[in-house]
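Descriptive structure summary
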Amino acid sequence: MKRYIFMLIAIASLSAGCKKFLDQPIIGRQNTDNYFKTEADCQAAVIACYFGTHSDQWYELDRSQMMGDALSDDAFKGNSIPGDQSLFGDIARYHFDATNEWFGFRWSYLWKGVGNCNFAIEGISTSMIDNAVKQRLIAEAKFLRAYCYFELVKSFGGVPLVLNVPDPQAVLSVARSSKEECFAQIVKDLSDAAAVLPERAAQGADQIGRATKGAANAYLAKAYLFTENWAQAQKYADQVIASGQYSLEPSFSNVWSVRNKNGVESIFEFQYNADQTFNLGTALTTLTRSRADGGWGFDTPSSHLEQAFLKENDPRLKWTIIKQGDNVGAPTPNFDYSHYDTKLSENESGRISRKFYLAPADRPANELSHAPLNIIQMRYADLLLIDAEAAYRNGNEAVALKSLNMVRERANRLNPGTVLPRSSSGAQLLNDIWLERRLELAMEGHRYYDLVRQHRLVQVVKDFYTYNNSTSTDPYDKGNPKGADVAEKHNLFPIPQQDIDLSKGVLKQNPGF
């Protein structure tokens, strides 16, 4: 919240102090008091909301995408150099506290996103632009505010509900609302957005990538899944399915292709290009690639995840993990892509993630923070598995199996006869749905949050530690301490200590920290 507060202080300072310094307006600086005069002004404010939901530097929110993997049994910190981002290593091994800056950046920049949305909603509401345009822009900002709050709540639990642009000092005294109150506001914002936003098919070519009715309803389904309101989760998942706006990519291998931006499966994804002038693009392609191949080597898949694929004879493994020696392309004068080197001396698992991997031809100059790969936040396979889980909980096992097997049928096309339809029931069906989420969505940042909401994080991670140190024959697992210290407190991130201090104790810390 600190950076959001700084933004508000800056706004207040502009209005309070300028006349004392100079009677003439500052050339080249927008006056926030009279900003929302034209449709172009309002459009720009909403674009700033999209920008604020992610980041333009690797250390802002890009890197926290990796925490959903590294805090689970799917991945390690990856880069084994002790002094390189050691705070990420502390997170991956459950050795973190409230001073870890990775949590501070996630908290601060998500609050920056909330602040941008509040500023846009208030300003556009009083603008004199066309009413239909006004309502659509407000709906987009509400969707993005709900997205930011969803990310905050699933990470930190209940947080302060700030729904306007408050006085800079007043915001410091806003206490945390309950998790239930926060989810109620998320649902309200998403419901408001869904009532106004167009379906994907109704968007013009210049609107692709912006929020849609389908995205709002999909996030409603996910919000209800996280609050265990199974009936509403299935209701909204079914609405998205029935809309006919989305389908599974014909081949799983194409889901994360840099050449498949906003594909038929995409419900909501962050838009990136490789513009060097404006410092645009994602850093995840560099952060997660092998250090031998110009990357930083973080968030490396575990042998435990690989074994989950192998046990199922699942061909999605090839498109999820690149392992030492794998063939991912033709050799070049500088690197043998036909026998991939993960730089074993600086890699905790001898593996890297394939989903964020860019072939050399697709890498721009100055790739860090400039890669053009879009980062998918919600896709149709995720929605189908939400539907399957909610339907199971509602006693609709036939519906659950149908949605589950749609995802499996697509996987089977990679190698026919390997991923067969499920016919399970009862507790086994739920376990099959959970396993499918792990395999289908692996290394996309979902696993930790799934384990938390399924109330099994501690047991799964403890089992992972036992596997690594007692069962695994992988040379990188034996002696790895990850999981030994996991505890119930790790179901939430700590509230950053700097923000508790800034609030003079109004913000209360999560238990155990």
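Residues numbered from 1 in each chain as written. Predicted model: local features only at pLDDT ≥ 70, side-chain atom pairs only at ≥ 80, totals over all residues. Heavy atoms only, no water.

Once that is clear, we can look at the confidence of the model for the protein. Here the protein averages 91 in pLDDT, while 93% of its residues score no lower than 70. Between residues 1-29, whose pLDDT stays under 50, and residues either more than four places distant or in other chains, the model counts 39 contacts. (pLDDT = per-residue confidence, 0-100. Contact = heavy atoms within 4.5 Å.)

Here we come to the packing of helix α7 (residues 131-156) against helix α8 (residues 179-196). Where α7 meets α8, the closest approach of the two axes is 8 Å, and the angle between their N-to-C directions is 150°. If you check the angle between α7 and α8, you find them roughly antiparallel. For α7 against α8, the interelement crossing comes out left-handed. Every residue of α8 that contacts α7 at Q135, R136, A139, K142, F143, R145, A146, Y149, F150 and V153 is listed here: K179, C182, F183, Q185, I186, D189, L190, D192, A193 and V196. The residue inventory of the contact of α7 with α8, partitioned by class, reads twelve nonpolar, two polar and six charged. (Axes fitted to C-alpha atoms, helices over the stretch in contact; angles between N-to-C directions. Helix = DSSP H or I, 4+ residues; strand = E, 2+ residues; numbered from the N terminus. Parallel < 35°, antiparallel > 145°, perpendicular 65-115°, else oblique. Left-handed = near helix turned anticlockwise from the far one by under 90°. Nonpolar A, V, L, I, M, F, W, Y, C, P; charged D, E, K, R; others polar.)

The subject of this paragraph is the nonpolar core. With 124 residues, the main nonpolar core has F143, L152, V159, I186 and F268 as its most contacted residues. Residues in contact with F268, not counting those within four places in the same chain, are Y50, F143, L144, Y147, G209, A215, Y219, I376, Q377 and M378. Counting nine residues, the second-largest nonpolar core is a separate cluster that includes A75, A308, F309 and L439. (Core = buried A, V, L, I, M, F, W, Y, C linked by side-chain atoms within 4.5 Å. Buried < 20%, exposed > 50% of the residue type's maximum accessible area, 1.4 Å probe, protein only.)

Turning to the environment of K508, a few remarks are in order. Mapped onto the elements of the fold, K508 is located in the segment after α18 (497-502). In contact with K508, not counting residues within four places along its chain, are R176 and I495. Separated by 3.0 Å, the side chain of K508 and the backbone oxygen of G505 make a polar contact. (Polar contact = N/O pair within 3.5 Å; in protein donor to acceptor, adjacent residues only side chain to side chain.)

As a further point, take the packing of helix α13 (residues 380-393) against helix α14 (residues 397-412). At their nearest, the axes of α13 and α14 sit 7 Å apart, and the two run at 155° to each other. As far as their axial angle goes, α14 and α13 are roughly antiparallel. Between α13 and α14 lies a crossing of left-handed hand. Contacts from Y380, A381, L384, L385, D387, A388, A391 and Y392 in α13 reach E397, V399, A400, S403, L404, M406, V407 and R410 in α14.

Once that is clear, we can look at unusual backbone geometry. One non-glycine residue, H455, adopts positive backbone phi at about 60°. Residue class for H455 comes out exposed when judged on its relative accessible area of 65%.

Turning to the packing of aromatic side chains, a few remarks are in order. Applying the stated criterion to the full structure yields 32 aromatic pairs. Consider the rings of F150 and Y219, whose centres lie 6.1 Å apart with planes at 80°: the pair is edge-to-face. On the criterion of sequence distance, the pair formed by F150 in helix α7 and Y219 in helix α9 (residues 213-226) is long-range, its members being 69 residues apart. For the cation-ring pair, K154 lies above Y449, with the distance from its terminal atom to the ring centre recorded as 4.2 Å. Above the plane of the ring of F226 lies R453, whose end atom (NZ or CZ) is 5.7 Å from the centre. (Phe/Tyr/Trp six-rings, centres within 6.5 Å; stacked < 30°, edge-to-face > 60°. Lys NZ or Arg CZ within 6 Å of the ring centre and 35° of its normal.)

Let's shift gears to the pattern of salt bridges. Oppositely charged side chains are able to pair whenever their charged atoms sit close together. Applying the stated criterion across every chain yields a total of 38 salt bridges. For the salt bridge of D293 with R289, the shortest nitrogen-to-oxygen distance reads 3.6 Å. Judged by relative accessible area, R289 falls into the buried class, the value being 3%. Of the charged contacts, one joins E306 and R351 as a salt bridge, the two residues approaching to 2.6 Å between their closest N and O atoms. Here R351 lies in strand β5 (residues 351-353) and E306 lies in helix α12 (residues 303-311), a separation of 45 residues in the sequence. The burial state of E306 is the same as that of R351; both residues are buried. Ionic contacts of the salt-bridge type, sharing partners, join the residues E265, D314, R316, K355, R379, R408, R410, E436, E440 and E444 into one network. (Salt bridge = Lys/Arg side-chain N within 4 Å of Asp/Glu carboxyl O.)

Here the focus is helix α15 (residues 426-440). Counted at 1.5 Å a residue, the expected span for α15 with its 15 residues is 21 Å, and the 21 Å between its end C-alpha atoms agrees. Buried within α15 we find L429, L430, D432, I433, W434, E436, R437, R438, L439 and E440. Where α15 is buried, its residues meet α9, α12, β6 (375-379), α13, α14 and α16 (447-453). (Expected span 1.5 Å × (residues − 1).)

Within strand β2 (residues 266-270), five of the five residues are buried, which leaves it mostly tucked inside the rest of the structure. Both β2 and β6 contribute to a ladder of four bridges, which runs antiparallel. Within β6, the position partnered with E269 by the bridge is I376. (Pairing = 2+ DSSP bridges.)

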